[in-house]
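# Structural description and commentary
Here is what each chain is made of, one letter per residue.
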Amino acid sequence: VLPGGFGTLDELFEVATWRQLGIIAHPVVLVDGDGFFDGLWAWMERAEREGLLRPGLRAVLQRVERLEDAWALL
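All values derive from a computational prediction rather than experimental measurement.

### Here's the deal with the packing of aromatic side chains
Counted by the stated rule, this structure contains two aromatic pairs. Taken together, a centroid distance of 6.0 Å and an interplanar angle of 80° make the contact between Phe 13 and Trp 43 edge-to-face. One end of the pair, Phe 13, is in helix α1 (residues 6–21); the other, Trp 43, is in helix α2 (residues 38–49), and 30 residues separate them in sequence. Where Phe 36 meets Phe 37, the ring centres are 5.1 Å apart and the plane angle is 85°; that geometry is what we call edge-to-face. We classify Phe 36 as partly exposed; its relative accessible area is 46%. Judged by relative accessible area, Phe 37 falls into the buried class, the value being 2%.

What follows is the structure, given as structure tokens:
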């Protein structure tokens, strides 16, 4: 997942949900250059702390800084 807007986030969470449910087994990788997804990651950490996101569920997402690193995971 590259940085983007509402449509990107919609697709990110749809695919992450499919991964969580076992519909797909492919990795879901955030290309997080310049910390673009830091706020989203912090939101997920807080949601987990407050019991809104099951512990460990963030593991369906992987973060890398460079596109080259994402290709290596795929």
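### Here's the deal with α2
The terminal C-alpha atoms of α2, which comprises 12 residues, lie 16 Å apart, in line with the 16 Å expected from a rise of 1.5 Å per residue. Here α2 has its buried residues at Leu 40, Trp 41, Met 44 and Ala 47. Along α2, the residues classed as buried sweep out an arc of 120° about the axis, all on the same side. Away from its buried face by more than 90 degrees, α2 exposes Gly 39 and Arg 49. Residues of α2 that are buried sit in contact with α1, β1 (28–31) and β2 (61–64). Following α2 by one or two positions, Gly 51 adopts a phi angle in the positive range, close to 80°.

Cut-off values and rules
Residues numbered from 1 in each chain as written. Predicted model: local features only at pLDDT ≥ 70, side-chain atom pairs only at ≥ 80, totals over all residues. Heavy atoms only, no water. Phe/Tyr/Trp six-rings, centres within 6.5 Å; stacked < 30°, edge-to-face > 60°. Helix = DSSP H or I, 4+ residues; strand = E, 2+ residues; numbered from the N terminus. Buried < 20%, exposed > 50% of the residue type's maximum accessible area, 1.4 Å probe, protein only. Expected span 1.5 Å × (residues − 1). Arc of directions from axis to C-beta. Contact = heavy atoms within 4.5 Å.

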